[in-house]
Amino acid sequence: MKNDVTTLLHRAEQVLARVEALLPPAVADPDWKKVTAARWRKRSGRGYLQPVAHPQAVALSDLVAIDEQKKAIDQNTRQFVAGVPANNVLLTGARGTGKSSLVKAMLRKYAAKGLRLIEVEKMDLIDLPDIAERIETRPERFIVFCDDLTFDAGEAGYKALKVMLDGSIAGTAGNVLIYPTSNRRHMLPEYFAENLETKHIGAEVHPGESVEEKISLSERFGVWISFYPFGQDDYLVAVNAWLAHFAVARPASPRDHESVTREALQFAIQRGSRSGRVAYQFARDWAGRHAGKK
């Protein structure tokens, strides 16, 4: 009987060895002394960090009409890079107002001081513990960035993020913070029927369990930064800033200035939105159409 078990284990080891030989080799982690940003990727079920050769360079000065938001995230990131306590940051609000660009601007500003950025897709949030384990002994400071994050009830990534933020038996890594962006305040869909669960006890209002569950994720972020739709003046300020970024000469006359303004407003009407993103797209289009013209 003992010999049979030994033989079976030996054959199992041989099979496992053959399977492992068919798997692609493990990908080495980036050289963080040379790389400032990476993406978490999967290959044949194995996760690895893929270096980003040319991270999008966004300067804080390029982002207008969000001064308070810039101040809040810059203060928190500066604390983090300095090695003093800092919070995870949730950036929520209107689309195209600079949420993800603001995170990228932090990388440009603090990369020389050791800040690094790791982008993770929503479907891969379940790998957050593995990512943190790979970098926990590094001297650099890492921001895990997840753009346009929304969940449906019961998704695995939702629970993984909650545990990573504040809920695991293991303490969070001191060199990792999470900066997601979302168009939803609590990253989950909100339904009118959930308001019917609210109870009134005396003069107090107590939200129902569904609302409490949604709030339980967003409240794990120590810093909330909210973004709002641009007014017309803010939009035009953003247009002028991006035109300067693309080295477009200032209008030579009030008539030329009025022409640019009119086209910028028409562009926004066609897109159905006034935002920093639309301002950038207009400026890029204008600069391209007028390239080489006097």
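Our subject is the structure that appears above.
The model shown is predicted, which means the values in this text are computed figures rather than measured ones. (Residues numbered from 1 in each chain as written. Predicted model: local features only at pLDDT ≥ 70, side-chain atom pairs only at ≥ 80, totals over all residues. Heavy atoms only, no water.)

**Notes on the pairing of strand β1 (residues 37-43)**
Going by this rule: The pairing criterion is simple: DSSP has to find at least two bridges between the two strands. A run of H or I in DSSP counts as a helix once it spans at least four residues, and a run of E counts as a strand once it spans at least two, with each numbered from the N terminus.
With three bridges connecting them, β1 and strand β4 (residues 115-119) associate as parallel partners. Across the sheet, residue A38 finds its bridge partner in β4, namely I118. Both β1 and strand β2 (residues 46-51) contribute to a ladder of six bridges, which runs antiparallel. Its bridge partner being in β2, R39 is matched across the sheet by Q50.

**Side note on the packing of helix α8 (residues 254-271) against helix α9 (residues 276-289)**
Our working definition: Angular values range over 0 to 180 degrees, each being the angle between N-to-C directions of two axes fitted as lines to C-alpha atoms, with helices fitted over their stretch in contact. For classification purposes, an angle smaller than 35 degrees is called roughly parallel, one larger than 145 roughly antiparallel, one from 65 to 115 roughly perpendicular, and anything else oblique. For any pair of crossing helices, the crossing counts as left-handed if the nearer helix is rotated counterclockwise from the farther one by less than a right angle, and right-handed if it is rotated clockwise. By definition, residues are in contact when any of their heavy atoms lie within 4.5 Å. Throughout, the ten residues Ala, Val, Leu, Ile, Met, Phe, Trp, Tyr, Cys and Pro are labelled nonpolar, Asp, Glu, Lys and Arg are labelled charged, and all others, Gly among them, are labelled polar.
It is the contact of α8 with α9, at a shortest axis distance of 10 Å, that shows an interaxial angle of 125°. It follows from the interaxial angle that α8 and α9 lie oblique. Once α8 is placed against α9, the crossing between them reads as right-handed. Between α8, through V260, E263, A264, F267, A268 and R271, and α9, the contact on the second element is made entirely by V278, Q281, F282, W286 and R289. The class makeup of the residues in the contact of α8 with α9 is seven nonpolar, one polar and three charged.

**Structural notes on the nonpolar core**
Formally: The term nonpolar core refers to a set of buried residues drawn from Ala, Val, Leu, Ile, Met, Phe, Trp, Tyr and Cys, joined through side-chain atoms within 4.5 Å. Only protein chains enter the accessibility calculation, which uses a 1.4 Å probe. A residue is then buried if its area is under 20% of the maximum for its type, exposed if over 50%, and partly exposed in between.
In terms of nonpolar packing, the biggest core is built from 44 residues, with I73, L91, Y179, Y235 and F282 touching the most fellow members. Those residues in contact with Y179, other than ones at most four positions away along the chain, are I73, N76, T77, N87, V89, L91, V103, I143, V144, F145 and C146. Among the nonpolar cores identified, the runner-up in size contains 28 residues, and W32, V120, L149 and A173 belong to it.

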